[in-house]
Amino acid sequence: MKKPLMFSKSPVAAAVSVVLSAGLIFPTFAQQQDAESAENVQAEQQLQEREQNAMEVINVQGIRGSLSRSTAFKRQSSGVVDGISAEEMGKFPDTNLAESLQRITGVSISRSDGEGSQITVRGFGPEFNLVTLNGRQMPSTGFSRSYNMEALSSENVTALEVYKTARAAMPSGGLGATVNIVTTRPFQTSERQFVISGKAMHDSSVDTGDSVTPEIAALYSDTFADDMFGVAVSVSQHRRDFQQQYANIQGWQANVGLPELDEGEFTDPRAVGEDGERIGNHFFPKDMNYGFTDVQNERTNGQVTLQFAPTDTMVLTADYTGSRRTSGRVGYGWGIWNEFGGNINSYILDENGTAVYADIAGNDASFTANWDTTEIEADSIGLNLSWDLTPDLNLMVDVHDSSNKIDNGADEGIHSTGQIILGSDQLRTKIYDYRDGEIPQASVLWNNGSTVLGRSEIDSNFSQFLRNPGESNIEQYQVEASWYNSVFNLPLTKVTGGVTRTEQDMNGYNAWSGLRGGPGFNPSFTEIFPDGMFVYNTTEGFLDEFAGGGTALAQNYYYTYDIEEALARQEAFLTEELMGADEFYVGIRPGDITGRNTVLEETDAAFIQSEWEFDVAGFFTQVNFGVRYEQTDVTSVVRQRVEQQVNWVSASEWIMQYEGGGESNFLTQTGEHDVFLPMLDVKVDLTDDLVARFSTGKTIARAPLGALAGGRSLSGSPKPGARTGSSGNPNLLPFESTNLDLSLEYYYGEGSYASVGYFSKDVDNFIQNTITETTIDGIRDIFQGPRYQQAIADIEARDEQATSTAIFEQMLANGHGNGDGAIEPSADDPLMVWNISQPSNTDEKSVDGFEIAVQHLFGQSGFGTAANATIVDGDTSFDVDSLDQQSPLVGLSDSANLQLFYEKHGWSVRATYAWRDSYLLGVGQAQGSSDAPPQFARSFGQWDLSVNYDVTEKLTVFFEGINLNNETEEGYGRYEEQFLFARQYGPRYALGARYTF
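Residues numbered from 1 in each chain as written. Predicted model: local features only at pLDDT ≥ 70, side-chain atom pairs only at ≥ 80, totals over all residues. Heavy atoms only, no water.

A.B. asks: What should I look at first to understand unusual backbone geometry in this one?
C.D. replies: Most peptide bonds are trans, and most residues other than glycine sit at a negative phi. One non-glycine residue, Asp226, lies in positive phi territory at about 60°. One non-glycine residue with positive phi stands out, namely Asn963, at about 60°. Position of Asn963 among the secondary structure elements: in the loop between β47 (955-962) and β48 (969-972). (Helix = DSSP H or I, 4+ residues; strand = E, 2+ residues; numbered from the N terminus.)

See the structure below:
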C-alpha cells in the first residue's frame, strides 16, 4: 500500500472509479451498454478533472490555499460539513482554534479572558458539541463535557472539520456539531519540513506584569528508510500578561419585602390593581461590585507522532499530545451587599419593576483581595493500526487513553484559592444608581460623615479558602472495517461498520475553609492593620470604555494592600485564644473537604454505514445512510457531610454547621439508557457547479457529567435570599435531536462559492434545572423566628430603623448569643426553606434557521472576501416577564462573520470581523432569587488584523492585532436595566517571524 499523501485520491474516490469504469450502475436507470461505456468514460474524466483541479488548488499556500482546500473539503463531503485548513505548515488562520472556528457559518464562540474558548453551533452551546482529536473523543476540563479550545496550540493543527449532520461512524455527543481537530502526520508528505516561529505579544491592558511576553513554536516532520518510518514533533510555549477590569452584580432578587414609606420616598410607575396592590413584579440588586484582576497565563503544548509502515498494506501510528496551562491571578475589588425590607430607605422603580435607584441601610461595604493559581494538565496517548487486508477491505483499530486534570490549589503558599474581605459596617447608607451611564453607580455614606472610609477605620471581616480539583479521563477502544465494492453489480461503493467501547470518569472534591477570623465586624479589630498598609488609588483609567467609568464613578477610589501582610497580621492576631473555633488559619485543613464526587459512564456502541453512487435522471447522486446503537451505564458515588444547623454569626453572615465534626457519608446511585441513531445524506450534482443536499438523522448530547453526580449539597453560607442547594440525577437521559438539513451550493470559480442552507432540530428529553422550595428536618431558621420578631419590636419601640445589623445586635443584647457571639437556632424557630436545584428531563424544544455564505476570489488580483451569516429561531427563548422556572436553550443567537484579504507579491493581509447577537448565557444567578432568573450577554463584535510579508522564500515576518476596536463584554438579567456585568480587556498586538528550513 502506498503511504497516504495529503491529497492523494481517497479510497472513496478510488472505489467510485472502479464502480464507474466497470459500468456498474443502478439497474433502474440502466441504459444500453454502449451508452454506459460512454457515460462511464465521461464520468471518469470528470472525476479525474475534479481531483486534478483540487490538487492544483491545494498546492497553493497562504490564505488563498487555505480557503480553496476548505472549499474542496466542503464540496466533496457527504452531508453538511465545513472546514478550515492551515495556510501552511505551522501557520493556522488564527492564533486560537476557537477564533478560527467562528469564521465557519453557524459557529459562534464564547470568550474567557478576552480569548475564544468554547463554541456554539447553530444556537447550541458548548455542552451540545463534541470535540474530537483525530477522531478520538477528548475529556473536558472540570465537571462538564465542554472542551476548551484554547487548550491546544494551533501550530500543529492542519485542519478543523465541522460535521453539522449525523454520522453513524463518528462518536456520539455532537447534537449541534462534531468538531474534529486534525494534527500533523509524517506520512502526509514525504518531504522533510521544519518550521520555527516566535513572536512578542503586547497586551494593552497589562498593569502588573511584563508589557511584552514571548510565544515560540517549532514543528518538525520527516520520513526515513524509504518512507518506512516517520516522525512529527511539535512544541510551543505561550505566555500572556493582562488585566481584566469589571463591574458586576451577582444576582437580582424578585419581589423582596418593601417597607411602608411616605410619598416622595419612592417612585413606582407600575399600575395599581383593584385591591390597591401594584400589578407585576419588582426586582432589587443583591450587591454591586467593582474590581480588577491581574493575570499571567502560560501554556505549553507538545505532540509527538511516530508512524511505521512494515509493509505496503499496513501503517502503525503512535502519538502523544500534552498540554500544561497555568493561570495565576491576583485581584482587588470593592463594593456593597444588600438586604431588604426594613433596610430600604427609598427607591425608584422603572416600568418593569426594576430598581434603578435605591438607598439602603445596614450591612457593610468592603475592600477585597483574591488570588489563585490554577493548573490544567491534559495528556492523550493513542495507538492506531490501519491494515489493508485485501485491496477492498481495510481494518482500523484505535486505542487511546486521555486525561484532563484541573487544580485551583496550585498556589505554593496556601495550596488553595484565597479571598480576604476587609471593610467596615460603620455606614449610614448605601446608594445604588443606574439612571445614567452604562454601568451602575454605588457609593457609601460612612458614619465619619464622608464617602471615604479612613484607613484607620478598616476592619477585618473574614477570609476564606477554597479548593476544587477535578479530573476527567477517557479510555476508548475502536474497531472499524471498511469494504470497497468492486465485486457486485450494485451502486454500493463502500460499507463501514464497527464497535466502540468508551469509559469516561470524572472525579473531584470540594473543600471550603468556612469564614475564618470572624466573620463580621463585631467585635471590631481595626487595630490589626496599620494605616500604612493601605494604598489609596483613584479609578482613573478604570472601565474607561464605559460611560460612567473612570473618575466619573460615584465611588472613585479604592484601597489595595499587601496580601501576605494582611494574612500574616490576621493569623497572628485572630488566635484560638481570642476567636475560639473561628481562629484564623491560612489554607485548607483536612476537615474542610465538604464532599467528593465520582461519576463513571460506560458506553458500548455498534454502527454500520453505507455509501452509494448512481445517476438519477442524468444527475450524479451520492447517498450515505447508516445507523448507530449505544448502551450507556452510569454509576455515581458521592461522599458528603451531613448538615446540622445554620448559625447567625454576624449581621451579614450565616454559617452551616455539620454533624460529627464534618465526617462524611457515602451514597451510590446508578442509571442507564440506550439510543438508536439513524442517519441519511443525499447529495445531488445538479450541474458541474451546483450541488444540492438533503440530510436527516438523530444526534444526541449527553447530560453534563456534574449533573449526573447524585447526592445533595447545601450552601455553606446561607444568607437570607441565598438559601440554595443542588442535587444530581444519574438517571438523566441524553438530549435527543431529530434533524433536517437542506442546502444549495454554487461553486462558480476556483475557491469561490455561494451557499444557502436551512436546518431544523427537534430536541427531546430537554434537561431543565428545576428549583424546588424544600425544608429539611432539624435545620431551623432564625430569620423571622419569634426571637427575631421580638428584636424588631424592641428596635421599633425606640423609634429606630430595624436594619439587619440592628436586629443582630438586639438579639445579642436580649441574651440569645452563645459563647462565641453567634446566635444558634432554637426549637421554636421555623424550618429553613431551601431552594434546591435538580436537573430533570422535560419536554421537546425546536430550533430552526438559515445559513448563508459567500466566498469570492477576485481572479489573480490577490483580493478576496468571505462572508457568512446565521439566523436562528425556536421555541426555546426565555420569557423574562414570567417568574415560572424555565428550560430555554442557552446560547441561541444570530451571528455573522466577514473576511477581507489581499495576498500577492509576498504580502498577505487579512482583516476579519466577527459579530454575535445578544444571547442567553445561562439560567440562575449566584445571588438571584428562587425563580432562577436569566443571564443574557449583549451583542459583541470584534475586529482583528493580520499582516504577513515574505522577506525570502523561507523567512516571513508578521504583525497581528486582536480586538482592535477594544470591544467590551456586557451582561444583564431579565431586562437590560438589570445589570449583571461589564468587562474590559483592551487590544492585543504581536510582532513575529517564521522561518522554514
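A.B. asks: Please clarify how the sheet that holds strand β7 (residues 178-183) should be interpreted in this entry.
C.D. replies: Backbone-to-backbone hydrogen bonds pair the strands of a sheet. The strands run either parallel or antiparallel. The strand order β1-β6-β7-β4-β5 describes an open sheet built from 5 strands, whose pairing is mixed. Unpaired on one side and paired on the other, β1 (81-85) and β5 (136-137) mark the two borders of the sheet. Sitting on the sheet, helix α3 (residues 62-76) is in contact with β1 and β6 (157-163), with an inclination near 155° to β1. (Pairing = 2+ DSSP bridges. Contact = heavy atoms within 4.5 Å. Axes fitted to C-alpha atoms, helices over the stretch in contact; angles between N-to-C directions.)

A.B. asks: Explanation requested: the pairing of strand β41 (residues 863-874) in the structure shown.
C.D. replies: Regular strands place their side chains on alternate faces of the sheet. As paired strands, strand β40 (residues 845-857) and β41 are joined by 11 bridges and run antiparallel to one another. If you follow Asp848 over to β41, its bridge partner there is Asp873. Hairpin connection of β40 to β41: 5 residues between the antiparallel strands, including Gly859 at a positive phi of 55°.

A.B. asks: Is there a simple way to think about a negative patch on the surface in this case?
C.D. replies: Judged by side-chain charge, Glu260, Glu274, Asp275 and Glu277 come together as a negatively charged surface patch. Tracing the backbone through its elements, the reader meets Asp275 in the loop between β12 (266-267) and β13 (283-285). (Patch = residues over 30% accessible without salt bridge, like charges linked within 9 Å, V, L, I, M, F, W, Y side chains within 5 Å. Areas by Shrake-Rupley, 256 points an atom, 1.4 Å probe, with all protein chains shown as cover. Salt bridge = Lys/Arg side-chain N within 4 Å of Asp/Glu carboxyl O. Lys, Arg positive; Asp, Glu negative; His and termini not counted. Charge placed at Lys NZ, Arg CZ, Asp CG, Glu CD.)

A.B. asks: Can you walk me through the environment of Asn814 in this structure?
C.D. replies: Take Asn814: it is sitting in the loop between α8 (804-813) and β39 (831-841). Residue classification places Asn814 among the partly exposed positions, given a relative accessible area of 30%. For the pair Asn814 and Asp794, spaced 20 residues apart in sequence, the C-alpha separation works out to 9.6 Å. When sequence neighbours within four positions are dropped, the list of residues in contact with Asn814 reads Ala791 and Asp794. (Buried < 20%, exposed > 50% of the residue type's maximum accessible area, 1.4 Å probe, protein only.)

A.B. asks: How do you make sense of the packing of aromatic side chains when you look at a structure like this?
C.D. replies: Aromatic ring pairs: the centre-centre distance and the angle between the two ring planes describe each pair. By the definition in use, this model includes 46 aromatic pairs. With a centroid separation of 4.6 Å and an interplanar angle of 20°, the aromatic rings of Phe194 and Phe997 are classed as stacked. With Phe194 in strand β8 (residues 193-203) and Phe997 in the segment after β50 (988-996), the pair connects residues that are 803 residues apart, well separated along the chain. Considering the side-chain rings of Phe735 and Phe766, the 5.4 Å spacing of their centres and the 85° angle between planes classify their relative orientation as edge-to-face. (Phe/Tyr/Trp six-rings, centres within 6.5 Å; stacked < 30°, edge-to-face > 60°.)

A.B. asks: Hey, could you run me through a nonpolar patch on the surface in this one?
C.D. replies: Residues Phe619, Leu686, Leu744, Val756, Phe850, Ile852 and Ile871 make up a contiguous nonpolar surface patch of about 570 Å² in total accessible area. In this structure, Leu744 sits in strand β36 (residues 735-749).

A.B. asks: Looking at this structure, how should I read helix α5 (residues 563-573)?
C.D. replies: Each α-helix turn comprises 3.6 residues. Residues three or four places apart therefore point the same way. Looking only at α5, the buried set comprises Ile563, Ala566, Leu567 and Gln570. End-on view of α5: buried residues confined to an arc of 100°, all on one side of the axis. In this structure, α5 carries Glu564 and Ala572 as exposed residues pointing more than 90 degrees from its buried face. Check the buried side of α5 and you find it contacts β15 (314-337), β18 (365-390), β20 (417-424), β23 (459-467) and β27 (557-561). Two to three positions downstream of the cap, the backbone nitrogen of Glu564 sits 3.1 Å from a side-chain oxygen, assigning the N-cap of α5 to Asp562. (Arc of directions from axis to C-beta. Polar contact = N/O pair within 3.5 Å; in protein donor to acceptor, adjacent residues only side chain to side chain.)

A.B. asks: I tried to follow the side chain of Glu970 on my own but got confused; where do I start?
C.D. replies: In this structure, Glu970 sits in strand β48. If near-sequence neighbours (up to four positions away) are discounted, Glu970 is found in contact with Glu438, Phe546, Phe936, Ala937, Arg938, Phe981 and Ala982.

A.B. asks: I keep staring at the environment of Ile119 and nothing clicks. Help me out?
C.D. replies: For Ile119, the position within the fold is in strand β3 (residues 115-121). Residue Ile119 is classed as buried on the basis of its relative accessible area of 4%. When residues no more than four places from it in sequence are discounted, the contact partners of Ile119 are Leu101, Val107, Ser108, Ile109, Phe124, Gly125, Pro126, Asn129, Met149 and Val179.

A.B. asks: Would you mind showing me how to read the pairing of strand β14 (residues 287-311) here?
C.D. replies: Pairing of strand β10 (residues 229-248) with β14, which is carried by 20 bridges, proceeds in the antiparallel orientation. Counted as the bridge partner of Ser234 is Gln303 from β14. Sheet topology note: the β14/β15 ladder contains 23 bridges and is antiparallel. Residue pairing across strands places Thr305 opposite Asp319, the latter belonging to β15. The hairpin formed by β14 and β15 contains 2 residues between the paired strands.

A.B. asks: Would you mind showing me how to read the sheet that holds strand β34 (residues 712-714) here?
C.D. replies: An order of β34-β35-β39-β38 is seen for the 4 strands of this open sheet, with the pairing classed as mixed. The open sheet is flanked by β34 and β38 (767-780), the only strands paired with a single partner. With strand direction ignored, the average angle separating the axes of adjacent strands in the sheet is 25°. The pairing of strand β35 (residues 724-727) with β39 spans 3 bridges and is classified as parallel. Bridged to Gly725 within β39 is Ile836.

A.B. asks: For this particular structure, what's the right way to read the nonpolar core?
C.D. replies: Side chains of nonpolar character tend, in soluble globular proteins, to be buried together. Met288, Tyr290, Ile420, Leu422, Phe534, Tyr561 and Phe979 are the most contacted members of the largest nonpolar core, which has 57 residues in total. Grouped together as the second largest cluster of nonpolar side chains are 24 residues, Ile109, Val131, Met138 and Ile181 included. (Core = buried A, V, L, I, M, F, W, Y, C linked by side-chain atoms within 4.5 Å.)

A.B. asks: Whenever I open this one, the pattern of salt bridges confuses me. Can you help?
C.D. replies: Should their charged atoms come close, side chains of opposite charge can pair. A complete count under the given rule lists 44 salt bridges for this structure. The partner of Lys74 in a salt bridge is Glu745, with the nearest N and O atoms 4.0 Å apart. Within this pair, whereas Lys74 is found in helix α3, its partner Glu745 is found in strand β36, the two being separated by 671 residues in sequence. For the residue pair Lys74 and Glu745, the accessibility class agrees, reading buried in each case. A single salt-bridge network, built from bridges that share partners, covers Lys74, Asp82, Arg122, Lys164, Arg693, Asp741, Glu745 and Glu851.

A.B. asks: Can you walk me through the packing of helix α7 (residues 786-797) against α8 in this structure?
C.D. replies: Each packed pair of helices is defined by two parameters, the angle between the axes and the distance between the axes. Between α7 and α8, the shortest axis-to-axis distance is 9 Å and the interhelical angle comes to 105°. Overall, the two elements α7 and α8 adopt an arrangement that is roughly perpendicular. Here Arg787, Tyr788, Ala791, Ile792, Asp794 and Ile795 of α7 lie close against α8, whose contacting residues are Ala806, Ile807, Gln810 and Met811. Split by residue class, the contact of α7 with α8 holds 7 nonpolar, 1 polar and 2 charged. (Parallel < 35°, antiparallel > 145°, perpendicular 65-115°, else oblique. Nonpolar A, V, L, I, M, F, W, Y, C, P; charged D, E, K, R; others polar.)

A.B. asks: Would you mind showing me how to read α7 here?
C.D. replies: Taking 1.5 Å per residue, 12 residues should reach 16 Å; α7 reaches 16 Å between its end C-alpha atoms and fits that length. Three or more residues of α7 are buried, namely Arg787, Tyr788, Ala791, Ile792 and Ile795. Buried residues in α7, looked at end-on, bunch into an arc of 145°, giving them a common side. With respect to the buried face of α7, the exposed residues turned more than 90 degrees away are Glu796 and Ala797. Two residues or fewer after α7 comes Asp799, characterised by a positive phi angle close to 65°. (Expected span 1.5 Å × (residues − 1).)

A.B. asks: Would you mind showing me how to read the environment of Gly961 here?
C.D. replies: Within the secondary structure layout, Gly961 lies in strand β47. In this structure Gly961 comes out as buried when scored by relative accessible area, which is 1%. Distance in space between the C-alpha atoms of Gly961 and Thr538 is 30 Å, their sequence separation being 423 residues. Setting aside residues up to four positions removed in sequence, Gly961 forms contacts with Asp944, Leu945, Arg988 and Tyr989.

A.B. asks: Explanation requested: the confidence of the model for the chain in the structure shown.
C.D. replies: Any residue range with low pLDDT should be treated as having predicted coordinates unsuitable for detailed reading. When pLDDT is averaged along the chain, the result is 88; 93% of the residues meet or exceed 70. Throughout residues 1-59 the model reports pLDDT below 50, and contacts reaching past four residues in sequence, or to other chains, amount to 73 contacts. (pLDDT = per-residue confidence, 0-100.)

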